[in-house]
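In case you want the letters, here they are:
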Amino acid sequence: MVLFVCVENAGRSLMAEAFLKKYAPHERVSSAGTQPATKPNSVVVEAMREVGIDISAQKPQMLTTKMIDKSEDVINMGCMDSESCPALFVERVSDWGMPDPKGKDIEDVRKIRDMIESKVKDMVTSL
């Protein structure tokens, strides 16, 4: 299983999960956060709808040890702060260092979305 992690699981990790489901539907994938938000970032939802993906019903979830243990690949999307960064809690992690969409306008979120989509497409070729 591929596990995408970030702090709030409301933007970057949800986008990555959705893109991997689109480009590699045979892969098991999930996403989670160390301090999950109550719902997906509304600007991220809008940006994903523009590319035909609806993540509005996704529920941000708490990162657990069980999720980490069940995952072959753990990808940290980036950190908002040093105290809640998932990379601090996961030993074998790849860090994509994506900018946080929180508080950004739709133009910036589109750029982040496109960067994530590109990284996921690259990842699919090695799965």
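These numbers were taken from a predicted model, which means no experiment stands behind them.

Reading the values: rules and limits
The written sequence of each chain sets the order in which its residues are numbered from 1. Only residues with pLDDT of 70 or above have their local features reported here, since the model is predicted, and side-chain atom pairs are shown and tallied only from 80 upward, although totals for entire chains, interfaces and linings are computed over all residues. Excluding hydrogens and water, the side-chain values take into account all heavy atoms of the structure. Each pair of strands is called paired provided DSSP finds at least two bridges between the two strands. Labels follow the DSSP assignment, with helices taken as runs of H or I lasting at least four residues and strands as runs of E lasting at least two, numbered in each case from the N terminus. Whenever a helix is involved, its axis is fitted only over the stretch in contact; in every case the axis is a line through C-alpha atoms, and angles between N-to-C directions fall within 0 to 180 degrees. The handedness criterion is simple: a crossing whose near helix is rotated anticlockwise from the far helix by less than a right angle is left-handed, and one whose near helix is rotated clockwise is right-handed. Working rule for contacts: check all heavy atoms of both residues, and any pair within 4.5 Å makes them a contact. As a working rule, the residues Ala, Val, Leu, Ile, Met, Phe, Trp, Tyr, Cys and Pro are called nonpolar, Asp, Glu, Lys and Arg charged, and the rest polar, with Gly in that last group.

## Structural notes on the sheet that holds strand β4 (residues 94–95)
Then step 1. The parallel open sheet is built from four strands, whose spatial order is β2-β1-β3-β4. Lying at the two open borders of the sheet, with one neighbouring strand each, are β2 (29–33) and β4.
Then step 2. Note: strand β1 (residues 2–6) against β2, five bridges, orientation parallel. Looking at the pairing, V5 lines up with A32 of β2.

## Looking at the packing of helix α2 (residues 42–49) against helix α4 (residues 106–126)
Then step 1. Interaxial distance between α2 and α4 falls to 9 Å at its minimum, and their mutual angle equals 60°. Every pair of crossing elements has a handedness; the one defined by α2 and α4 is right-handed. In contact with V43, V44, E46, A47 and M48 of α2, α4 contributes I106, V109 and R113.
Then step 2. Class assignment of the residues belonging to the contact of α2 with α4 gives a composition of six nonpolar, no polar and two charged.

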